[in-house]
Each structure stands twice: as structure tokens, then as C-alpha cells.
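Analysis of the macromolecular model
Below, each chain spelled out in residue letters.
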Amino acid sequence: MTPLELRADIPALESTTYFNTGASGPSPRYVVEAAQSTLATQEYESHAVGDPYSMAFDTYEDVRRTAADFIGAKDNEIALTESTTDGINRFATALEWEPGDVVVRTDLEHPAGILPWQRLERHGVEVRVVESEAGRIDREAFTEAVSDAKLVCLSSVTWTRGTRLPVGELTKIAHDQDTLVLVDAVQSVGQLPIDVHEWGADAVAAAGHKWLLGTWGGGFLYVREELANRLEPVAIGYRSVSEAAALDYEYESGARRFEVGTTTPAAHVALREAIGVVEEVGLSTITNRIEVLSDRLKAGVPDARILSPSEYETGLVAIEVRDGEAVVERLANQSIVVRSLPGEDTIRVSIHAFNTGEEIDRLLAELET
């Protein structure tokens with residue numbers, strides 16, 4: 001499958017020039033159809049034979065395996081979640097926090113990587129914020145911040161500037177100080193290759209509804225096997241334990257203990273199909289096309305207005321404008337979708353492989369007016 005064949009099967013693109021995949025990606029027909037078919041089978045056929053749970057559990061198993069293969073994990077290191085935020089919270093609340101504990105985050109995090117720690121602050125946990133410069137993290141400041149911390153939370157790709165953080169290097173620094181590492185990888189999966197064992201992180205949260213072009217509700221959480229087996233999640237249900245009816249419950253081994261109860265398998269089938277689409281197009285093909293299109297956009301904008309790296313790193317490109325919200329509204333009136341960044345006179349353009357050079361040129365022409 002080529003990027004243009006992928007584009008032809010995305011209904012949202014028939015009338016819209018879409019540059020907001022970093023918020024939510026438009027799904028291809030066959031991803032949505034797979035989810036719809038699963039829902040119909042679950043509700044019509046499986047109930048007719050009295051076996052809806054068996055069907056759902058078989059689906060969960062298959063999706064875990066697909067997600068694990070995609071990011072270089074083991075099957076039992078994957079828990080199915082609803083979103084990145086969901087995954088971050090499940091991991092965060094499984095750790096035992098005491099007043100005086102320290103959690104570190106960068107100033108580049110999405111609210112998903114900020115709010116859980118603000119909650120912990122109310123219970124006496126110290127939150128340290130490592131300041132960045134142009135989307136970069138100073139190694140000395142990072143090393144000092146994590147020296148006595150329980151956990152550090154960081155993004156593999158920053159959502160505002162599209163910079164790539166050196167996850168493997170920062171993880172090693174943290175581990176040298178016996179600090180756990182939780183990675184928000186939602187802006188990576190689907191546009192960049194990921195190998196969680198190469199990263200070495202303890203946990204990685206992601207979702208399928210952005211660059212993977214899956215539907216809302218299909219996320220996953222990776223937790224390193226040895227660590228997962230030592231954690232007791234706050235939420236517990238029949239999917240968390242090895243035998244739900246046992247008098248003395250035991251958690252499932254690995255990351256499955258982070259799953260709780262009955263959820264529709266449809267969104268996770270969409271996640272599985274979306275991963276399949278990315279693999280069929282080829283992740284290297286997607287990355288290379290995003291690079292070419294991103295370079296084309298940057299070449300048409302004065303350097304001083306480009307807030308993302310001038311050299312390609314990702315498909316997220318931040319551009320300084322006079323009034324971000326007004327520009328977003330004006331572009332929307334021309335059926336061009338971008339987003340503004342909170343608290344800044346900036347728009348963020350998310351470029352995926354389904355975009356075209358002509359769309360880039362159209363956006364540039366509108367930005368000149």
C-alpha cells in the first residue's frame with residue numbers, strides 16, 4: 001500500500017486538508033469497518049451462542065500480541081487501555097507514594113503527563129520540573145533533578161515543538177540514580193520506529209487515535225515484566241487477576257494486571273488494524289514522506305517563525321503567527337485544519353504521510369495572506 005492509496009481510503013480527507021494528526025488522526029474506512037464488524041459480531045453472533053466473553057478475551061490476546069510486536073515488547077508486558085492518559089494514570093497509581101517522594105517531569109509534557117503529578121502534590125509528593133531550551137533537555141539539570149526521585153515522566157516526542165527527546169540516554173541517567181522512567185510515546189507510534197527494550201524505560205503509554213490512525217478508545221501500556229510483577233494497581237477487576245472467584249486473589253502476571261473489567265473489543269480491533277495499515281505502508285516509507293513534506297513546509301516559512309527544529313525530527317511543525325486562534329479559524333474557513341498552542345501566538349501543523357505537496361503549498365499560500 002502506498003501513502004496515496006492510504007489517503008484514498010480516509011473519508012475525512014475528501015473535503016478537508018487535514019494537518020492535525022498530533023491531536024487526532026482520521027481513520028481509514030477499513031479500520032472503522034473492522035471495529036464495526038467486531039461490535040456487530042460481539043453483540044449479535046457471540047450472544048447467540050452464549051460466548052461473548054470468550055470472543056472478547058481472544059481479541060484482547062491478539063491485540064496485545066500485535067502491539068507488543070510493534071514496539072519490541074513481550075506479550076505479557078502489554079496492557080490494553082483507553083488512551084495515553086489512562087495508561088499514565090494506571091502506572092502512576094500503582095506505585096506506592098509517600099510524603100517527601102519526588103517525581104520529575106519536563107516542561108515539555110502534555111497535560112496527560114502533568115495532571116497526575118499535580119494530584120500527588122496534594123498528598124505531599126514533590127514535583128520537580130526540568131526546564132528545556134528550544135525543546136532540548138540539559139543533561140546536567142536532568143541528572144540533578146532525578147538524583148533522589150522515585151519516577152521521571154517524559155515524552156519521546158514533544159507535542160508543542162515536535163522535538164525528539166533522547167529517551168534511551170535519559171533513561172540510563174535516571175536508572176543510574178535508581179529512578180523509574182515512564183514515557184509518553186503517543187506522538188511517536190505511527191510516525192517513528194519504537195523499540196521499548198532499546199529505550200530501556202520501565203513503562204511506556206501510548207494510544208492508536210493519533211499517528212496510527214486508529215479510533216478513539218484503543219490505547220496500550222507497556223510495563224517492564226519484572227517491574228510489573230512487583231506492582232499492585234489501585235483499580236482491580238476480573239481481568240486483573242488470575243482467578244476472579246478465588247477466595248484469595250492473585251494478580252495476573254505481567255502488565256495484564258493493569259486491565260480491569262468489561263470493555264468493548266472494537267476500539268482495540270481498530271488499534272490492531274491501524275498497526276497493520278502502518279506496517280503495510282511501511283514505517284520507513286511513512287517517516288521518509290513526512291520528512292519530505294515537513295521540509296517543504298519549513299522551506300516556505302521564514303526561519304524566524306519556525307519554532308520547531310530546522311532539521312527534520314518529526315511531522316509536528318510549530319509556526320509563530322500573529323494570532324493563533326484567529327489563524328486557525330481563518331484556515332478552517334478554507335477547509336484547512338491545524339491547531340493553535342495554548343498561551344502562544346503559534347499554530348502547530350501535523351504532517352502525516354497521507355498529506356500531499358499540493359496541500360503544503362496551499363497552506364503556505366494561505367499563511368502568506
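See the structure shown above.
We now turn to the structure provided with this report. (Residues numbered from 1 in each chain as written. Predicted model: local features only at pLDDT ≥ 70, side-chain atom pairs only at ≥ 80, totals over all residues. Heavy atoms only, no water.)

1. Here we look at the overall build of the protein
In terms of helices and strands, the protein carries 13 helices and 14 strands. Rg of the C-alpha trace for the protein: 21 Å, near the compact-globule value of 21 Å for 369 residues, within the 12% margin. With 369 residues in all, the protein has 57% of them scored as buried. If you take every contact in the protein between residues at least 6 apart in sequence, the share linking residues at least 24 apart comes to 69%. Working note: accessible area of the protein is about 15,900 Å², and carbon and sulfur atoms make up 48% of it. (Helix = DSSP H or I, 4+ residues; strand = E, 2+ residues; numbered from the N terminus. Rg over C-alpha atoms; globule rule 2.2 N^0.38 Å. Buried < 20%, exposed > 50% of the residue type's maximum accessible area, 1.4 Å probe, protein only. Contact = heavy atoms within 4.5 Å. Areas by Shrake-Rupley, 256 points an atom, 1.4 Å probe, with all protein chains shown as cover.)

2. Overview of the sheet that holds strand E4 (residues 126-130)
In spatial order, the strands read E2-E10-E9-E8-E7-E3-E4; together these seven strands make up an open sheet with mixed pairing. The open sheet has two edge strands, strand E2 (78-81) and E4, and neither has a second partner. Neighbour-to-neighbour, the strand axes of this sheet turn through a mean angle of 20°, independent of strand direction. In the sheet, E2 pairs with strand E10 (residues 219-223) via four bridges, with the strands oriented antiparallel. Bridging from a neighbouring strand, isoleucine 78 pairs with tyrosine 222 of E10. The strands that helix H7 (residues 167-176) touches are strand E7 (151-155) and strand E8 (180-184); relative to E8, the one it contacts most, it runs at about 155°. (Pairing = 2+ DSSP bridges. Axes fitted to C-alpha atoms, helices over the stretch in contact; angles between N-to-C directions.)

3. Some thoughts on helix H10 (residues 266-281)
Taking 1.5 Å per residue as the helical rise, H10 with its 16 residues ought to reach 22 Å, and the 23 Å between its terminal C-alpha atoms agrees with that figure. Residues of H10 that are buried include every one of Ala266, Ala267, His268, Val269, Ala270, Leu271, Ala274, Ile275, Val277, Val278 and Val281, and no others. Within two residues after H10, glycine 282 carries a phi angle of roughly 105°, on the positive side. (Expected span 1.5 Å × (residues − 1).)

4. Things to note about a negative patch on the surface
A cluster of like negative charges, contributed by Glu320, Asp323, Glu325 and Asp345, occupies part of the molecular surface. Inspection of the secondary structure assignment puts glutamate 320 in strand E11 (residues 316-320). (Patch = residues over 30% accessible without salt bridge, like charges linked within 9 Å, V, L, I, M, F, W, Y side chains within 5 Å. Salt bridge = Lys/Arg side-chain N within 4 Å of Asp/Glu carboxyl O. Lys, Arg positive; Asp, Glu negative; His and termini not counted. Charge placed at Lys NZ, Arg CZ, Asp CG, Glu CD.)

5. Here's the deal with the environment of glutamate 359
Mapped onto the elements, glutamate 359 comes out in helix H13 (residues 357-368). The spatial distance from the C-alpha of glutamate 359 to the C-alpha of leucine 227 is 46 Å, given a sequence separation of 132 residues. Beyond its immediate sequence surroundings of up to four residues, glutamate 359 is in contact with Arg7, Thr16, Thr17, Phe19 and Phe354.

6. Overview of the packing of helix H12 (residues 324-332) against H13
In the contact formed by H12 and H13, the axes pass within 11 Å of each other and the chain directions differ by 125°. Taken together, the axes of H12 and H13 lie oblique to each other. Relative to H13, the crossing made by H12 is right-handed. Where H12 abuts H13, its residues Val327, Arg330 and Leu331 lie against Leu363, Glu366 and Leu367. (Parallel < 35°, antiparallel > 145°, perpendicular 65-115°, else oblique. Left-handed = near helix turned anticlockwise from the far one by under 90°.)

7. Remarks on the pattern of salt bridges
Two side chains of opposite charge can pair, provided their charged atoms sit close to one another. Summed over the entire model, instances satisfying the criterion amount to 25 salt bridges. The residue aspartate 9 makes a salt bridge to arginine 29 at a minimum N-O spacing of 3.8 Å. With a gap of 20 residues between them, aspartate 9 in the loop between helix H1 (3-8) and strand E1 (17-18) and arginine 29 in helix H2 (residues 29-48) connect regions that are remote in the sequence. We classify arginine 29 as partly exposed; its relative accessible area is 31%. Glutamate 126 serves as the salt-bridge partner of arginine 128, at 3.0 Å between the closest nitrogen and oxygen. It is possible to trace a salt-bridge network through shared partners that takes in Glu61, Arg64, Arg239, Arg256 and Glu259.

8. A look at the environment of leucine 221
Within the secondary structure layout, leucine 221 lies in strand E10. Given the relative accessible area of 0%, leucine 221 is considered buried. In the structure, leucine 221 is positioned 195 residues away from proline 26 in sequence and 22 Å away in space, judged by C-alpha atoms. Residues contacting leucine 221, with those up to four places away along its chain left out, are Glu77, Ile78, Ala79, Thr81, Gly87, Arg90, Phe91, Ala203, Val204, Ala205, Ala255 and Phe258.

9. Things to note about the nonpolar core
Ile71, Ile78, Phe142 and Val183 are the most contacted members of the largest nonpolar core, which totals 64 residues. With residues up to four places along the chain from it excluded, the contact list for isoleucine 71 reads Ile78, Val189, Ile194, Asp195, Val196, Phe220 and Tyr222. With 26 residues, the next largest nonpolar core counts Val103, Leu151, Leu180 and Phe258 among its residues. (Core = buried A, V, L, I, M, F, W, Y, C linked by side-chain atoms within 4.5 Å.)

10. Considering the sheet that holds E11
For sheets, the rule is that strands pair by backbone hydrogen bonds, running either parallel or antiparallel. Within the open sheet, the three strands sit side by side as E11-E14-E13. Their pairing is antiparallel. Each having just a single partner strand, E11 and strand E13 (339-340) make up the two edges of the open sheet. Sheet topology note: the E13/strand E14 (residues 346-350) ladder contains two bridges and is antiparallel. Opposite arginine 339, over in E14, you have arginine 348 as the bridge partner.

11. Observations regarding the side chain of threonine 17
Here threonine 17 lies in strand E1. For threonine 17, a relative accessible area of 7% translates into the label buried. A distance of 2.9 Å separates a polar atom in the side chain of threonine 17 from a polar atom in the side chain of arginine 362. Discounting residues that sit within four places of it in the chain, threonine 17 has contacts with Ser335, Ile336, Val337, Glu359 and Arg362. (Polar contact = N/O pair within 3.5 Å; in protein donor to acceptor, adjacent residues only side chain to side chain.)

12. Considerations on the side chain of serine 188
You can see serine 188 is positioned in the loop between E8 and helix H8 (196-199). Exposure remark for serine 188: the relative accessible area of 3% places this residue in the buried category.

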